[in-house]
Amino acid sequence: MSDTPDRRTADANMQWGGRFAAGPSAVMQEINASIGFDRKMWRQDIRGSQAHAAMLARMGIIPAADADNIGRGLAEIGAEIAAGRFAFDTALEDIHMNIEARLTERIGEAGKRLHTGRSRNDQVATDFRLWVRDAIDGLDAQIADVMRALATRAAAHAADPMPGFTHLQTAQPVTFGHHLLAYVEMLARDRGRLADGRRRLNECPLGAAALAGTSFPIDRDATAAALGFDRPAANSLDAVSDRDFALEFLAAAAISAMHLSRLAEEIVIWCSAPFGFVRLSDAFTTGSSIMPQKRNPDAAELVRAKTGRVNGALVGLLTVMKGLPLAYAKDMQEDKEPVFDAAEAWALSLAAIAGMVRDMTPDTARLRAFAGSGFATATDLADWLVRVLQLPFRTAHHVTGRLVARAEARGVDLAGLTLADMQAEEPRITEDVFSVLTVEASVASRTSYGGTAPANVARQAARWLAVLA
């Protein structure tokens with residue numbers, strides 16, 4: 001059979017039956033067509049159609065021989081598309097009608113039986129759910145890979161101190177491994193949101209038809225099972241008009257992209273000369289067209305920027321859906337492009353972050369030097385006053401504040417004060433106080449669950465690596 005686009009275009013109105021005598025205007029054809037983007041769902045469309053045809057035959061709705069021909073023809077069309085030999089036709093609007101028209105070309109009248117007992121409304125809802133479900137599975141694996149990269153680096157740097165920040169001001173020492181594990185926790189929640197969304201989307205719309213169900217004696221449980229769904233969607237109106245699954249996917253994407261952007265921002269800061277905490281190789285940096293000394297962390301900057309695309313996709317689809325009455329409206333054709341774009345941006349960002357985490361080289365000496373800056377052990381001093389001298393914490397806080405002011409005036413850190421300096425503010429302070437004022441002592445003391453003590457960090461990194469194995 002020929003795949004000549006001209007013949008298929010001429011037959012386009014045949015898909016609508018006898019209602020329309022003339023074709024659409026060029027503008028109508030352009031605004032109405034979705035084949036430019038929904039062709040991404042060709043695998044899902046073929047899977048759904050194969051399951052539908054097999055069910056129709058089992059229920060005696062179409063002849064078994066026709067179902068066999070349909071199944072074979074769809075498989076051959078899939079091979080054509082995969083090989084880049086399929087002639088997509090804008091006049092046929094979308095992936096569903098392109099495949100159905102080609103099927104009829106290949107196998108004749110039997111191809112026209114495929115659409116029995118279904119509508120494009122339940123067909124597209126099914127295809128889209130299948131596509132999002134496949135995307136979730138792929139993205140979940142990518143998130144797990146980033147988590148493994150982070151946990152591996154955390155295990156290697158469980159005891160290497162770095163400055164911990166609040167307000168981007170030095171707060172207390174932590175370890176580099178502890179800092180990286182914070183992102184492992186964030187990404188674990190991202191995986192949890194994907195898993196929750198996947199459970200909710202795993203209901204099959206196929207068989208809801210246009211909006212009211214069908215009078216054919218179909219077996220919706222069979223098609224749901226064949227496509228890996230947990231159950232058929234229970235309400236035909238909701239089945240064709242629901243896009244919550246796409247919105248949940250985009251919400252999860254937006255939160256995860258925000259997490260990736262925060263890490264990307266830190267990488268940008270860490271790579272800057274004033275910080276110099278880490279170095280990225282040539283694999284994840286670029287140069288300048290005019291400044292030969294530059295090494296720009298462009299991969300991190302682009303991860304940071306792609307968050308805007310993902311956020312925009314979520315807001316865009318929420319806006320599309322907010323005023324739609326039941327059931328289906330053509331507005332919902334605008335649901336796919338933002339989801340496709342966000343999934344692509346998210347996947348690329350995850351790949352870039354995984355690469356940068358494995359690539360970056362931390363300057364542990366510089367991290368350790370900065371860990372003690374800005375009087376980072378002041379809280380350790382206050383805690384010592386509470387623990388050893390039994391001062392109320394608020395009183396200890398004030399004493400420590402005065403000692404910080406004294407050290408600042410002298411241009412030294414807290415450990416640089418003399419015992420006499422200490423006793424000028426609190427006479428009962430002893431030489432033992434200096435044992436808590438080192439960076440190593442500070443991080444080692446934070447042994448509470450979830451704290452930055454190196455032993456804690458090593459255990460948590462090992463636990464995550466075991467979970468992710």
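Use the structure listed above.
Note that the structure is predicted; figures quoted are calculated from it, not measured.

**Quick notes on the overall build of the chain**
A count of helical and extended segments in the chain gives 19 helices and six strands. Since a compact globule built from 469 residues should have a radius of gyration of about 23 Å, the 31 Å found for the chain marks it as more spread out than a globular shape. Referenced to the eigenvectors of the C-alpha coordinate spread, the extents of the chain come out at roughly 100 × 55 × 40 Å. Sorting the 469 residues of the chain into buried and exposed places 48% on the buried side. Contacts spanning at least 24 positions in sequence make up 75% of the contacts within the chain whose residues lie at least 6 apart. Split by element, the accessible area of the chain, about 21,200 Å² in all, is 55% carbon and sulfur. Here the chain contributes 51 positively and 57 negatively charged side chains, and the mean placements of these two sets differ by 2 Å.

**Some words on the pairing of strand S1 (residues 161–166)**
Side-chain positions along a regular strand alternate between the two faces of the sheet. Note: S1 against strand S2 (residues 169–175), six bridges, orientation antiparallel. For Thr166, the partnering residue across the bridge sits in S2 and is Gln169. From the end of S1 to the start of S2, which pair antiparallel, there are two residues, and His167 there has a positive phi angle of about 60°.

**A look at a nonpolar patch on the surface**
Where nonpolar side chains cluster on the molecular surface, the patch consists of Leu211, Leu237 and Leu326 and spans about 270 Å² of accessible area. With respect to the helices and strands, the residue Leu211 is situated in the loop between strand S3 (203–204) and helix H9 (220–226). Owing to a relative accessible area of 39%, Leu211 belongs among the partly exposed residues under this scheme.

**Concerning helix H5 (residues 64–82)**
Between the first and last C-alpha of H5 there are 27 Å, a value that for 19 residues agrees with the 27 Å anticipated at 1.5 Å per step. Among the residues making up H5, those that are buried are Asp66, Ala67, Ile70, Gly73, Leu74, Ile77, Gly78, Glu80 and Ile81. Down the axis of H5, the buried set is contained in an arc of 155°. They therefore lie on one face. Away from its buried face, by an angle of more than 90 degrees, H5 presents the exposed residues Asp68 and Ala82. Contacts from the buried residues of H5 go to helix H4 (42–58) and helix H6 (95–107). Just past H5, the residue Gly84 takes up positive phi, approximately 75°.

**Considering unusual backbone geometry**
Cis rather than trans, the peptide bond between Leu326 and Ala327 has omega equal to 10°. Position of Ala327 among the secondary structure elements: in the loop between helix H12 (298–321) and helix H13 (336–359). The phi torsion at Phe375 lies on the positive side, around 55°, for a residue other than glycine. By the secondary structure assignment, Phe375 is in the loop between helix H14 (364–371) and helix H15 (378–389). The phi angle at Gln390 is positive, at roughly 65°, despite the residue not being glycine. By the secondary structure assignment, Gln390 is in the loop between H15 and helix H16 (393–410). Overall, Gln390 belongs to the exposed group, its relative accessible area being 61%.

**Description of the packing of helix H7 (residues 120–156) against H13**
Look at H7 against H13: their axes get within 9 Å of each other, and the N-to-C directions meet at 15°. In terms of orientation, H7 and H13 fall into the roughly parallel class. Seen from above, H7 lies across H13 with left-handed handedness. Residues that form the contact of H7 with H13 fall into these classes: 19 nonpolar, one polar and five charged.

**Focus: the side chain of Asp38**
Structurally, Asp38 is set in helix H3 (residues 35–38). Buried charge without a salt bridge: Asp38, with Lys336 as the nearest opposite-charge side chain at an N-O distance of 5.8 Å. A distance of 2.5 Å separates a polar atom in the side chain of Asp38 from a polar atom in the side chain of Ser34. Engagement of the side chain of Asp38 in a polar contact is seen with the backbone nitrogen of Ile95, the distance being 3.0 Å.

**Examining the packing of helix H11 (residues 244–271) against H12**
Contact pair H11 / H12: the axes reach a minimum separation of 8 Å and the direction vectors enclose 160°. By the angle between their directions, the pair H11 and H12 is classed as roughly antiparallel. Seen along the crossing, H11 lies across H12 with a hand that is left-handed. Grouping the amino acids of the contact of H11 with H12 by side-chain chemistry returns 19 nonpolar, three polar and three charged.

**Digging into the nonpolar core**
Ranked by internal contacts, the top residues of the largest apolar core, which has 75 residues, are Val132, Leu150, Phe249, Val339, Trp346, Ile353 and Met356. Mapped onto this core, the elements with two or more residues apiece are H7, helix H8 (176–201), H11, H12, H13 and helix H19 (454–468). It is H11 that contributes the most residues to this core, 16 residues altogether.

**Quick word on the environment of Leu187**
Along the chain, Leu187 falls in helix H8. Classification of Leu187 by relative accessible area gives buried; the value is 3%. With residues up to four places along the chain from it excluded, the contact list for Leu187 reads Ile143, Val146, Met147, Leu150, Ser256 and Leu260.

**Examining the pattern of salt bridges**
Close approach of charged atoms lets side chains of opposite charge pair. Evaluation of the coordinates by the stated rule reveals 32 salt bridges. Residues Arg72 and Glu76 are paired through a salt bridge, measuring 3.5 Å at the closest nitrogen-oxygen approach. Here Glu76 and Arg72 lie together in helix H5, a separation of four residues that amounts to about one turn. Looking at Arg72, the relative accessible area reads 39%, which means it is partly exposed. Across the salt bridge formed by Arg446 and Asp380, the nearest N and O atoms sit 2.8 Å from each other. In this pair, Arg446 is assigned in the loop between helix H18 (439–445) and H19 and Asp380 in helix H15, connecting sequence segments 66 residues apart. Note on accessibility: Arg446 and Asp380 belong to one class, buried. Overlapping salt bridges, with partners in common, bring together Arg72, Glu76, Glu80, Arg102, Glu105 and Arg106 in one network.

Quick notes on the rules
- Residues numbered from 1 in each chain as written.
- Predicted model: local features only at pLDDT ≥ 70, side-chain atom pairs only at ≥ 80, totals over all residues.
- Heavy atoms only, no water.
- Helix = DSSP H or I, 4+ residues; strand = E, 2+ residues; numbered from the N terminus.
- Rg over C-alpha atoms; globule rule 2.2 N^0.38 Å.
- Buried < 20%, exposed > 50% of the residue type's maximum accessible area, 1.4 Å probe, protein only.
- Contact = heavy atoms within 4.5 Å.
- Areas by Shrake-Rupley, 256 points an atom, 1.4 Å probe, with all protein chains shown as cover.
- Lys, Arg positive; Asp, Glu negative; His and termini not counted.
- Charge placed at Lys NZ, Arg CZ, Asp CG, Glu CD.
- Pairing = 2+ DSSP bridges.
- Patch = residues over 30% accessible without salt bridge, like charges linked within 9 Å, V, L, I, M, F, W, Y side chains within 5 Å.
- Salt bridge = Lys/Arg side-chain N within 4 Å of Asp/Glu carboxyl O.
- Expected span 1.5 Å × (residues − 1).
- Arc of directions from axis to C-beta.
- Axes fitted to C-alpha atoms, helices over the stretch in contact; angles between N-to-C directions.
- Parallel < 35°, antiparallel > 145°, perpendicular 65-115°, else oblique.
- Left-handed = near helix turned anticlockwise from the far one by under 90°.
- Nonpolar A, V, L, I, M, F, W, Y, C, P; charged D, E, K, R; others polar.
- Polar contact = N/O pair within 3.5 Å; in protein donor to acceptor, adjacent residues only side chain to side chain.
- Core = buried A, V, L, I, M, F, W, Y, C linked by side-chain atoms within 4.5 Å.

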